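This is what each chain is made of:
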Amino acid sequence: MNTKNIIIIVAVIAVIAILALVLAGGGGASTINVVGSTSVQPVAEKLAEEYKKTHGDIRINVQGGGSSVGIKSAQDGTADIGTSSKDLKPEEKTGLTEHVLGMDGIVIAVNSANGVSDLSKEQLKDIFSGKVTNWKDVGGSDAPIHLVTREEGSGTLDAFESIVMGKDTKIKSDAIVQSSTEAVKQSVKQDPDAIGFVSYAHMGDDVKALSVGGIAPTDPTIADGTYELQRPFIFLVKGTPTGDVKAFIDWVMGAEGTKILAEEKIVKSTK
Amino acid sequence: MEKNRLSEFLIEKGLFITAIFSIVIILLIVSFILVEGIPAFENYGFFHFLFGMEWGPSRGQFGVLAMIIGSIYVTLLSLLMAVPLSLLCAIFMAEVAPNNIRKILKPVIETLSGIPSVVYGFFGLIVLVPLVRTYFGGTGFSLFTASLILTVMVLPTIITISQDSLRAVPQEYREASFGLGATNWQTIRHVIFPAALPGIITAIILGMGRAVGETLAVIMVAGNVVQIPGSIFDPIRPLTANIALEMGYATGLHYNALFGTAIVLFLIIGLLLLVANYIQYKYKVDIGGGYL
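Structural notes, computed from the coordinates. (Residues numbered from 1 in each chain as written. Chains lettered and ligands numbered in written order. Predicted model: local features only at pLDDT ≥ 70, side-chain atom pairs only at ≥ 80, totals over all residues.)

## Re the overall build of chain A
Regarding its fold elements, chain A presents ten helices and eleven strands. A compact globule built from 271 residues should have a C-alpha radius of gyration of about 18 Å, whereas chain A, at 23 Å, is more than 25% larger. Taken over the C-alpha atoms alone, chain A extends approximately 80 × 55 × 35 Å along its principal axes. Considering only contacts in chain A between residues 6 or more positions apart, those separated by 24 or more positions represent 74%. (Helix = DSSP H or I, 4+ residues; strand = E, 2+ residues; numbered from the N terminus. Rg over C-alpha atoms; globule rule 2.2 N^0.38 Å. Contact = placed C-beta atoms within 7 Å.)

## Describing the interface of chain B and chain A
The interface is formed by 27 residues belonging to chain B together with 23 residues belonging to chain A. Secondary structure elements with two or more residues in the side of chain B that touches chain A: helix 1 (2–44), helix 5 (117–136), helix 9 (216–222) and helix 10 (239–246) of chain B. Here the element with the most residues in the side of chain B that touches chain A is helix 5 of chain B; it accounts for five residues.

## Some remarks on unusual backbone geometry
Positive phi, normally seen in glycine, also occurs at Lys265 of chain A, with a value near 60 degrees. On the secondary structure map, Lys265 of chain A appears in the segment after helix 10 (255–263). For Asn224 of chain B, which is not a glycine, the phi torsion comes out positive at approximately 55 degrees. The topology assignment puts Asn224 of chain B in the loop between helix 9 and helix 10. Overall, Asn224 of chain B belongs to the buried group, with 28 C-beta atoms counted inside 10 Å. (Buried ≥ 20, exposed ≤ 12 C-beta atoms within 10 Å, placed from the backbone.)

## What to know about the pairing of strand 4 (residues 96–110) of chain A
Residue and element names in this part refer to chain A. As paired elements, strand 4 and strand 11 (residues 230–238) share nine bridges and run antiparallel to each other. Within the sheet, the bridge partner assigned to Gly102 lies in strand 11 and is Phe233. Across five bridges, strand 4 lies against strand 8 (residues 194–199) in antiparallel orientation. Counted as the bridge partner of Ile106 is Ser199 from strand 8. (Pairing = 2+ DSSP bridges.)

## Quick notes on helix 10 of chain B
Buried residues dominate helix 10 of chain B, accounting for six of its eight residues. Restricting attention to buried positions, one finds in helix 10 of chain B the residues Leu239, Thr240, Ala241, Asn242, Leu245 and Glu246 of chain B. Among the structural elements, strand 7 (176–178) of chain A together with helix 3 (65–96), helix 8 (184–213), helix 9 and helix 11 (252–282) of chain B are those in contact with the buried residues of helix 10 of chain B.

## Some words on the pairing of strand 11 of chain A
Taken residue by residue, a regular strand's side chains alternate between the two faces of the sheet. All names here are of chain A. The element strand 11 is largely enclosed, with a buried count of seven among its nine residues. Direction of pairing for strand 3 (residues 81–84) relative to strand 11: antiparallel, over a ladder of three bridges. The residue of strand 11 that forms the bridge with Gly82 is Leu236.

## As for helix 5 (residues 121–129) of chain A
All names here are of chain A. Taken together, the buried positions of helix 5 are occupied by Leu124, Ile127 and Phe128. Within helix 5, the buried residues cover an arc of 90 degrees as seen down the axis, which keeps them to one side. Buried-residue contacts for helix 5 involve strand 4, strand 5 (118–119), strand 6 (146–150), helix 6 (155–165) and strand 8. Immediately downstream of helix 5, the backbone of Gly130 shows phi near 95 degrees, a positive value. (Arc of directions from axis to C-beta.)

## So, the environment of Phe141 of chain B
Take Phe141 of chain B: it is sitting in the loop between helix 5 and helix 6 (143–167). For the pair formed by Phe141 of chain B and Val221 of chain B, sequence separation is 80 residues and the distance between their alpha carbons is 5.3 Å. Not counting the four nearest positions on each side in its chain, Phe141 of chain B is found in contact with Ile176 of chain A together with Val129, Val221, Ala222, Gly223 and Pro235 of chain B.

Nothing here speaks to function; it is geometry throughout.
Given below as structure tokens:
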């Protein structure tokens, strides 16, 4: 009796295991690999999810790694689509077709109680490099500036560094490091002297967005390029896209994709 | 008979397999971490890695000394606050409190250990960080804030286990002590506490393990700045925070360096366990054949 039971249990486990393997295999659906920028990742995931709703027989794997990984994997063909959140250098462009999804703004966020509402790019550079350490030097009240930055590898940090800090200036080493856009917003929200940067797509009303050089970050100013702190979201394909990849990209660049991108606050450039 | 022997055999082997399962898992994890982390030591140099002051993966710098010190500081400071609090609480619950109070206290403390660490972290970020900033200056993200959160998080572990070991002291000890005319406090101080000490040390070790290993709550309040703190109100980055912060993006040597960080964390925890076990062994109380 005991032995019988044990044999039955083993058999059931074996059947379940085999079923799981078969189901996980997923049959013969074709796969699109999307690899690259961690900033593009959530948008690409959203697009993939919506695309799968109407195009059942396809699998889209979205992975991070960073813009440079995206460019490299598009070039050597390990990914069907590479994603980048920075402009490509001329030598990187060879053999790649670019599809610009739109522009993402980098918003400088301060506490709602902060008197400062406009800073120039130079002032931002001085503040984040530690040259200016008091709000009164940039037109605010007499209080120390508390910097909030992102962790190494973050696409938003990468964009901020290349647009505002330039090559040779580093962000002050004792700036508070937060691990997500949401954590940066919370830190700024609860500290009247804090300053941080977040993606335009994730900006909310609980913190104040600064104007940069007199121009506030809005859809139109990002679209026409007058708001300087912005970066493109790019899909890269080796050669010209064909088959499933072409169908997906056409859908993304078409009406439905544009609608989703607008919901994600990715602004179409009108430059 | 034949059938019985087979089932006997299967059950015995089945139990054996379940028993070694956890050991196998630990070995797998350790070997995985070693395989992924050792390339970082090979390429960067073990001592260079261990005693390097600069952490800048994009510039190819992988020194974790500031984080080792951060981890040790935050653990020690939180234990410094948590141990007296929780021992007094455990003694109260085990020896002094009347039954009905104990019935309220125990579930409350157990609930404390059931709260997810992200909730502790968020509470710290919203409530403690502004408080520390207002009363002690700085940004509020600090070694001290992280230690406060950890203190609350390790309290239930230390209280529950040390209370159990206090209550496990045989009733005869108390009776003998009272019989000699000792007061309740004298009994606790000179009889029950020493007899329960090995269990209490185990409790502190487990609490320490939780404090060293805690990640999410610490990331949210420690400030994550790679530096050796000059005061307890400076931000720090413990080893665990370093791994969790950057693992999402890391590739190549950076990825290996994060596993290297995990190896260092492993070594530290191993070292702490060795020290703690030695203390436990030294202070064990012999009674008859065995010890408590």
